[in-house]
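Spelled out from the first residue to the last, the chains are:
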Amino acid sequence: MTQKEKPSPIQVEVSPLVEADIDQFDPILEAHVWDRSTSQVITDEIEAIKGYMRGEQDEYGRTRTYIVARDQSGKVIGCMAYSVPDPDMVQHFQLDDPSDSIELLNAFVSPEIFRGGGVGRKLFDAICDAGRQEAKRQLLIHSGPRYQDSWGFYDKMTDEQTGFIEDKYGTGRHAKTWKKAL
């Protein structure tokens, strides 16, 4: 077993996002939200995500509900959000009733946490539990090429991989999709 495969020794607690958490996300977002061709952090996108965390609507008029993972000291170490599916997801999944589904959004875990440490799984399970509590039938996911390293996680956590939304993030930049029954 390599160092990266060892489970994280930290205790992880998940709970809803609070305002005091938001600025703690800067280093986590900076580690994930960057241009793969220039290596530049995309500050406008980070500020948009922090706005969504504060309840601002996205380009589809949605608000997002965030769940945060914290270590034993209370430090934020990751988050995931959900909302109603965007129009591309409704079309891709051919949803007759989009109101019975939720879409996973903004899944980020601190790069200080080793893969396999369970933080992503705890956040994912909490999102699924939240969807069930809201009487949703399924969780829908898409992930663009920037986050291709995370696709294996969704392959393991979901019921099925469901193709690609072609050109979701620009010409030739397809988003892989998955779904999970709740």
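Structure shown above.
Asker: Can you lay out the side chain of Ser143 for me, pointing to particular residues and giving the numbers?
Answerer: Counting through the fold element by element, Ser143 comes out in strand E5 (residues 138–143). In this structure the side chain of Ser143 is engaged in a polar contact, spanning 3.0 Å, whose partner is the side chain of Trp151.

Asker: For the environment of Tyr147, give the residues involved together with the corresponding values.
Answerer: Among the secondary structure elements, Tyr147 is positioned in the loop between E5 and helix H5 (151–157). On a C-alpha basis, the gap between Tyr147 and Glu56 in space is 24 Å, while along the polypeptide they are 91 residues apart.

Asker: Give a description of helix H4 (residues 119–133) that names residues and reports values.
Answerer: For H4, spanning 15 residues, the distance from its first C-alpha to its last is 21 Å, which sits close to the expected 21 Å at 1.5 Å a residue. Listed in full, the buried residues belonging to H4 are Val119, Gly120, Leu123, Phe124, Ala126, Ile127, Cys128, Ala130 and Gly131. Two residues or fewer after H4 comes Ala135, characterised by a positive phi angle close to 60°.

Asker: Summarise unusual backbone geometry; cite the residues concerned and give the values.
Answerer: Even without being glycine, Asn106 reaches a positive phi, approximately 45°. By the secondary structure assignment, Asn106 is in strand E4 (residues 101–109). Despite not being glycine, Asp167 shows a phi value in the positive range, around 60°. Among the secondary structure elements, Asp167 is positioned in the loop between strand E6 (160–165) and strand E7 (175–181). For Asp167, a relative accessible area of 39% corresponds to the partly exposed category.

Asker: Requested: an account of the packing of aromatic side chains, with residues and values cited.
Answerer: The geometry of an aromatic ring pair is captured by two quantities: the separation of the ring centres and the angle between the planes. The full count for this structure, using the stated rule, is six aromatic pairs. Measuring from ring centre to ring centre gives 6.2 Å for Phe108 and Tyr147, while their planes differ by 75°; the resulting arrangement is edge-to-face. Of this pair, Phe108 sits in strand E4 while Tyr147 sits in the loop between E5 and H5, and the two are 39 residues apart along the sequence. Judged by relative accessible area, Phe108 falls into the buried class, the value being 4%. Seen from their ring centres, Tyr154 and Trp178 are 5.0 Å apart, and the 45° between their planes marks the pair as tilted. Of this pair, Tyr154 sits in helix H5 while Trp178 sits in strand E7, and the two are 24 residues apart along the sequence. An identical accessibility class is assigned to Tyr154 and Trp178; each is buried. An aromatic cluster is built from Phe124, Trp151, Phe153, Tyr154, Phe164 and Trp178, whose rings are joined through pairwise contacts. Arg36 extends its terminal NZ or CZ atom over the ring of Trp34, reaching a point 3.6 Å from the ring centre. The aromatic ring of Tyr52 is capped on one face by Arg64, whose charged end is 4.0 Å from the ring centroid.

Asker: Account for the sheet that holds strand E2 (residues 65–70), naming residues and giving values.
Answerer: Pairing in this open sheet of seven strands is mixed, and the strands run E1-E2-E3-E4-E5-E7-E6 from one edge to the other. In this open sheet, the two edge strands, each paired with only one partner strand, are strand E1 (13–16) and E6. The mean inter-strand angle of the sheet, taken between neighbouring strand axes irrespective of direction, is 25°. The pairing of strand E3 (residues 76–83) with E4 spans five bridges and is classified as antiparallel. Its bridge partner lying in E4, Cys79 is registered against Phe108. Packed on one face of the sheet, H4 meets E1, E2, E3, E4, E5 and E7 and runs near 30° to E3.

Analysis parameters
Residues numbered from 1 in each chain as written. Predicted model: local features only at pLDDT ≥ 70, side-chain atom pairs only at ≥ 80, totals over all residues. Heavy atoms only, no water. Helix = DSSP H or I, 4+ residues; strand = E, 2+ residues; numbered from the N terminus. Polar contact = N/O pair within 3.5 Å; in protein donor to acceptor, adjacent residues only side chain to side chain. Expected span 1.5 Å × (residues − 1). Buried < 20%, exposed > 50% of the residue type's maximum accessible area, 1.4 Å probe, protein only. Phe/Tyr/Trp six-rings, centres within 6.5 Å; stacked < 30°, edge-to-face > 60°. Lys NZ or Arg CZ within 6 Å of the ring centre and 35° of its normal. Pairing = 2+ DSSP bridges. Axes fitted to C-alpha atoms, helices over the stretch in contact; angles between N-to-C directions. Contact = heavy atoms within 4.5 Å.

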